[in-house]
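Chain by chain, the residues run as shown.
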Amino acid sequence: MNQPRDISKYEMKFLINLLKEMLLIRRFEEKTGQMYGLKKIGGFCHLYIGQEAVSVGSIATLDLKKDYVLTSYRDHGHAISCGIEPKVIMAELFGKSTGCSRGKGGSMHLFDAEKHMLGGNGIVGGHIPVATGVAFKISYKKEDGVVLCSFGDGSIHMGSFHESLNMAKIWNLPIVYICENNQYGMGTDFKRVSSVENFAVMGASYNIPGKQINGMDVLEVYEETLKAVSEARKGNPSFIEIKTYRYRGHSMSDPAKYRTKDELEEYKAQDPILILKNKMLEHNFIALDEYEQIDKECKTLSEEAVQFAEESQEPSITALYEDILI
Amino acid sequence: MLITYREALRQAIDEEMARDENVFLIGEEVGQYNGAYKVSLGLLDKYGPRRVVDAPITEEGFTGIGIGAAMVGLRPIVEWMTFNFSLMAIDQIINNAAKMRYMSGGQLNVPIVFRGPNGPAEYLSSQHSQALESLYVHIPGLKVVAPASPYDAKGLLKTAIRDDNPVIFLEGELMYAWKGEVPDGEYLIPFGKGDIKRSGDDVTLLTYSKPIKLVQEAAEALENEGIQSEIVDLRSLRPLDEDLIYQSVKKTNRCVIIEESWPVASLGTHIAWLISKNCFDYLDAPVELVASEDTPMPYNHSLELAAQPSVEKIVQAVKKVMYR
Amino acid sequence: MAEKLLMTALSPTMENGLIVKWNKKEGDLIQSGDILCEVETDKATMDYESSVDGELLKILLPEGRKAFIGDPIAIVGDKSEDLSQLLVDSKSKPDKETSIISDFTHAEKEIKQLQRQKHAIDKIKVSPLARRIAAENMITLHDIIGTGPEGRIVKRDLENIIKGKKNKSINIVNPLAIETIGDKSIPITEKRRIIAKRLSESMYSAPHYYLKLSVNMDKILSERSEFNQVAKEKISMNAYLIKFVAEALKRHPMINANWQGDTISKFAKADIGLAVAQQDGLITPIVKDCGNKGILAVDYELRILIDKAKKGKLMPEEFIGATFTISNLGSYGIEEFTAIINPPGSAILAVGKIIKEPTVSMNNEIEIHSNVRLTLSCDHRVIDGVVGASFLNDLKIMMENPIKTLY
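Right, let's walk through the structure included here.

Procedures and definitions
Residues numbered from 1 in each chain as written. Chains lettered and ligands numbered in written order. Predicted model: local features only at pLDDT ≥ 70, side-chain atom pairs only at ≥ 80, totals over all residues. Heavy atoms only, no water. Helix = DSSP H or I, 4+ residues; strand = E, 2+ residues; numbered from the N terminus. Expected span 1.5 Å × (residues − 1). Buried < 20%, exposed > 50% of the residue type's maximum accessible area, 1.4 Å probe, protein only. Core = buried A, V, L, I, M, F, W, Y, C linked by side-chain atoms within 4.5 Å. Contact = heavy atoms within 4.5 Å. Polar contact = N/O pair within 3.5 Å; in protein donor to acceptor, adjacent residues only side chain to side chain. Buried area = accessible area lost by both parts, 1.4 Å probe. Nonpolar A, V, L, I, M, F, W, Y, C, P; charged D, E, K, R; others polar.

Describing helix H7 (residues 237-251) of chain C
Along its 15 residues, H7 of chain C runs 22 Å from first to last C-alpha, staying within 8% of the 21 Å computed at 1.5 Å per residue. Within H7 of chain C, 13 of the 15 residues are buried, leaving the element largely enclosed by the surrounding structure.

Shown next as structure tokens:
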């Protein structure tokens with residue numbers, strides 16, 4: 001793991017934006033958890049709490065007018081990082097017609113075509129070839145974009161991962177594959193089901209360079225992704241394993257008894273939001289009351305998101321047969 | 001001009017690639033090898049490797065790549081060497097291609113064509129002889145077509161490539177050499193329209209894809225016995241040309257459905273139910289189904305032929321509904 | 001700001017939870033993430049984490065108590081806040097309204113009715129097409145032999161009948177071509193064939209004799225007229241006739257019987273048929289068990305049956321099996337006639353037109369009365385002259401003085 005970054009070389013505004021975005025995701029996800037508990041949200045709901053630095057740090061490197069993001073079903077963080085409004089996400093979670101997917105997708109299928117956020121995909125590893133196809137288009141049309149394809153440690157052994165990396169390399173596709181290793185595929189410690197523990201080597205079979213980085217430090221995520229993205233723009237695909245941790249269970253129905261309380265506490269001490277906050281306080285980039293103000297704003301945004309979702313309309317029954325074919 | 005089925009397909013792909021820069025072909029052996037069945041003969045030379053892409057043997061991977069590319073504006077034609085191998089990619093087809101538009105609330109669409117030979121050829125045994133149309137026709141979000149002549153093949157493939165939805169395009173290895181007349185100019189055949197290949201008053205023979213030859217032979221045999229058959233070639237399996245089906249059955253009062261699919265929960269059984277529901281008062285006999293036998297395909301050729309529809313089986317079925 | 005903590009779904013299928021143990025007490029400071037209490041759910045005992053920071057101001061749901069999802073369990077807020085507002089605001093549990101619309105009774109009734117209508121007769125096998133053709137051409141399927149598998153009636157079986165093709169070839173004439181007078185051959189319908197067969201059999205096997213008398217209809221007419229002035233539906237004369245006949249049959253059960261060859265079988269009930277004209281023949285819809293029905297019930301049923309008869313929708317058991325038949329040609333101007341017995345009955349009553357005529361009274365005076373001629377045809381194998389005569393006479397007495405029916 002690298003040493004913590006030297007924060008002073010960054011612009012204050014940039015850092016505040018990173019902090020705010022992570023806090024927004026945190027408060028939004030906490031609200032989502034509550035709403036799920038009140039049965040306003042149904043089905044599967046996978047919270048991003050603890051992993052905020054990964055989506056925030058990596059997507060901050062992109063220009064979403066030409067770049068694309070695809071991720072798995074743990075997509076609320078990515079959706080916020082791509083600029084989808086919290087109220088539109090919450091409305092989707094509530095299944096309302098004002099949701100980003102018009103109530104037809106739900107938690108696992110958040111999409112915003114205009115912001116180049118292409119899901120939100122429910123099948124483990126199913127989106128990796130699709131992301132590779134998006135990169136194929138960029139290369140075919142000789143555009144300048146890149147694709148960030150995020151997935152979890154549960155996906156990395158899927159055939160679709162391997163098939164995709166091989167083709168990305170033979171065709172020099174502009175794509176960065178990011179494995180967000182939160183250590184557990186549902187309830188299974190990744191070490192029990194992986195032949196290698198350091199995923200950085202997973203690209204080696206395909207001659208794709210790989211790196212393992214610390215996902216609790218948003219600046220490390222940012223810097224490393226930036227490097228990978230600029231390589232990708234030249235047609236050199238790469239792979240990053242980002243080690244992170246989720247503070248809640250795999251999904252809402254998981255009591256997460258497969259890890260110890262000590263382990264959880266250890267990672268809570270590495271809360272990416274607190275890490276950045278403390279650094280910024282140290283360097284006087286932010287005052288405590290400013291931080292609390294930002295936190296309060298994030299809480300308010302989350303509450304307003306709930307209100308918007310509550311007041312929004314259900315889709316009409318005719319929506320059942322809409323958008324099957326064009 | 002008189003051309004083969006494979007040449008008709010090639011012309012369609014060539015014309016559409018020339019017309020629209022975003023159309024490209026991807027699959028195993030489609031480029032340098034000129035196609036496992038020579039459908040893409042000469043296309044690599046004409047359009048180059050950017051547009052005619054030889055893929056490694058990774059059906060799931062390159063099918064998914066096609067879908068991703070289609071989602072952001074390209075128009076891929078994904079060729080599977082046979083539809084048997086499409087099973088490797090079934091998650092991509094059913095969970096991604098068929099659902100991307102719906103799940104995203106209408107924001108995305110997938111203008112992609114999946115094509116290749118479907119159904120039994122000869123001597124290939126169980127894993128390489130499957131007719132899988134009934135699987136695909138079951139899925140909302142897909143369109144499915146099955147041309148049985150060079151004329152239908154070219155017109156339908158052009159329509160498929162221009163369609164903004166995922167299209168499953170079913171060919172047949174033994175059909176590639178069939179010859180037929182094709183007009184010189186440009187023409188398209190719309191989806192959802194079947195074709196009456198022969199008119200008759202006594203019985204409706206409903207079919208699609210390769211069995212059409214058998215059906216035509218059976219119709220001639222039956223004519224010698226004074227039975228006039230009407231052959232309805234469905235062409236479009238999803239959407240189905242229901243009006244044409246009902247019009248014919250209401251006229252003849254009798255129907256035999258012929259398909260290569262296995263009989264359990266097949267497209268034919270679905271159509272039989274539709275007919276019983278919508279033409280109930282016009283039926284003088286129950287609808288008969290001549291499908292493949294409910295077994296994996298054996299290697300031995302006699303068994304292989306016995307497992308499939310035949311002229312004999314069709315004639316027997318017709319006599320049954322005619323009470324002869 | 002104090003806020004209420006609510007019972008949340010700690011498992012997707014949980015509906016309510018029971019507080020097993022409070023880990024904190026009122027007055028404790030808590031942080032987001034602290035485990036406040038343990039909740040027993042449908043699946044397991046789960047930890048309830050606080051989602052807010054603050055002081056645990058009040059425990060609303062003590063240990064051992066249950067709450068539904070969404071019910072408040074505690075209040076957390078700033079130190080020593082005034083909670084009076086929050087506590088007053090009592091949460092009313094949403095009524096678990098399980099209002100099931102009870103269409104069940106209605107549906108049950110309908111099903112029972114349909115089941116009653118189901119015929120006990122052997123199921124006829126017929127293709128949907130043939131059934132439709134038969135209905136369109138008013139052909140009853142009963143007498144058709146089906147040439148399809150297992151006797152299924154199919155289109156060609158009806159084609160034969162419609163074209164009149166049998167063993168004999170009958171000339172089919174194109175009606176449009178006929179302009180001239182001359183002998184014509186008309187192909188017979190199935191119905192005509194059956195009528196001819198049955199009535200011939202009746203005539204030839206039952207030795208018919210005929211009894212005739214006149215009945216004074218004044219009292220019945222006056223009663224009927226009075227009733228019909230206030231009635232919603234006017235009662236038919238036939239209903240009266242049927243009822244009186246039924247009463248007479250009760251007193252003379254031998255009339256309501258049938259020659260069996262070795263035995264005579266007496267019918268348990270009076271199922272009285274009324275001859276009704278149709279487009280191409282005649283049919284006798286039956287009102288069953290007339291002895292146990294009043295005139296109004298008889299009339300109501302008769303109306304339904306006649307309507308069905310005119311539309312060709314009578315089921316076989318509705319027109320086959322009358323134990324006694326009435327034929328009324330009064331409305332056609334016929335004053336008097338003899339009818340042919342309709343099996344399985346042994347008698348038939350022919351009713352003529354009601355005529356106003358002069359009659360000689362008991363006091364040898366001429367009075368004007370409305371009279372009707374009744375002619376009873378009897379099967380002599382079952383009904384002797386005296387038996388028939390007493391029945392007819394009793395019928396007359398009851399009809400002329402309806403009150404006597406109650407004696």
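Concerning the nonpolar core
All names here are of chain A. Among the nonpolar cores identified, the biggest contains 85 residues, and Phe136 and Phe239 are the most heavily contacted of them. It is helix H5 (residues 127-140) that contributes the most residues to this core, eight residues altogether. The contacts of Phe239, once residues within four sequence positions are left out, are Phe151, Ile156, Phe161, Tyr177, Cys179, Phe199, Ala200, Met202, Ile208, Pro209, Gly210 and Lys211. Ranked by size, the runner-up nonpolar core spans 69 residues in total, among them Val146, Tyr247, Cys298 and Val306.

Quick look at unusual backbone geometry
Between Arg238 of chain B and Pro239 of chain B the backbone carries a cis peptide bond, its omega angle lying at 10°. With respect to the helices and strands, Pro239 of chain B occurs in the loop between strand E12 (236-238) and helix H9 (242-252). The backbone of Gln183 of chain A sits at a positive phi, close to 80°, despite the residue not being glycine. Following the sequence through the fold, Gln183 of chain A ends up in the loop between strand E3 (175-181) and strand E4 (184-185). Classification of Gln183 of chain A by relative accessible area gives buried; the value is 9%.

Focus: the side chain of Ser81 of chain A
Residue and element names in this part refer to chain A. Mapped onto the elements, Ser81 comes out in helix H3 (residues 76-81). A distance of 2.9 Å separates polar atoms of two side chains, one belonging to Ser81 and the other to Ser55. When sequence neighbours within four positions are dropped, the list of residues in contact with Ser81 reads Glu21, Ile25, Ser55, Val56 and Ile59.

Quick notes on the interface of chain B and chain A
On the chain A side, the residues contacting the 44 residues of chain B number 37 residues. Taking both partners together, chain B and chain A bury about 3400 Å²; carbon and sulfur atoms supply 66% of that area. Our count for the chain B to chain A interface comes out at 19 residue pairs in polar contact (both at pLDDT 80 or more). Element by element, the count of residues in the side of chain B that touches chain A is highest for helix H3 (residues 59-71) of chain B, at 10 residues. Of the residues contributing to the side of chain B that touches chain A, the split by class is 19 nonpolar, 15 polar and 10 charged.

Geometric descriptors of this kind do not, in isolation, establish any biological role.
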